[in-house]
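Summary of the model geometry
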Amino acid sequence: FRHHLVDWFALRGHSMRMVEIGTYTGDTTRVLARLFSSVTTIDNNGTLLLQASESMGDLVNVRFLRADTALHRWWEYTGVAEVLLIDGNHEYEFAKRDLVN
């Protein structure tokens, strides 16, 4: 799906801010950082978040936030964003909760 993101946002994203829920290894985060003016990526797994942040030390427009999006009011810490990508826990109940919140 990353190539779809690039196709859609290559001409539009440079002035937009992005929030990504679900950092995991940061592969998608790295793509997003090259498309958007800023990216805030959120994950509940501190170990994965640290690994992703260390692998992206060269990207200054990425901010990493540890939070459980089902429990924390993460939007109070991300600031305004034009685009939200939800790629967190893929189990039905968690995905449904993300949509309801």
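Residues numbered from 1 in each chain as written. Predicted model: local features only at pLDDT ≥ 70, side-chain atom pairs only at ≥ 80, totals over all residues. Heavy atoms only, no water.

**A few points about the nonpolar core**
- Judged by nonpolar contacts, the single largest core of 14 residues is most densely connected at Leu5, Phe9, Met18, Leu32, Phe36 and Val39.
- Breaking this core down by element, the ones donating at least two residues are helix 1 (2-9), helix 2 (27-35) and strand 4 (83-86).
- Element by element, the count of residues in this core is highest for helix 2, at three residues.
- In this structure Phe9 touches Met16, Leu35, Phe36 and Val83, once residues within four positions along its chain are discounted.
- Within the second largest apolar cluster, six residues are counted, among which are Val19, Ile21, Leu65 and Trp74. (Core = buried A, V, L, I, M, F, W, Y, C linked by side-chain atoms within 4.5 Å. Buried < 20%, exposed > 50% of the residue type's maximum accessible area, 1.4 Å probe, protein only. Helix = DSSP H or I, 4+ residues; strand = E, 2+ residues; numbered from the N terminus. Contact = heavy atoms within 4.5 Å.)

**Thoughts on unusual backbone geometry**
- Despite not being glycine, Tyr24 shows a phi value in the positive range, around 50 degrees.
- Mapped onto the fold, Tyr24 is located in the loop between strand 1 (17-21) and helix 2.

**Concerning the pairing of strand 4**
- Along strand 4, the buried face is formed by Val83 and Leu85; none of Leu84 and Ile86, which line the opposite face, is buried.
- Sheet analysis places strand 1 next to strand 4, joined by four bridges and oriented parallel. Each residue of the ladder has a partner; that of Val19, found in strand 4, is Leu84. (Pairing = 2+ DSSP bridges.)

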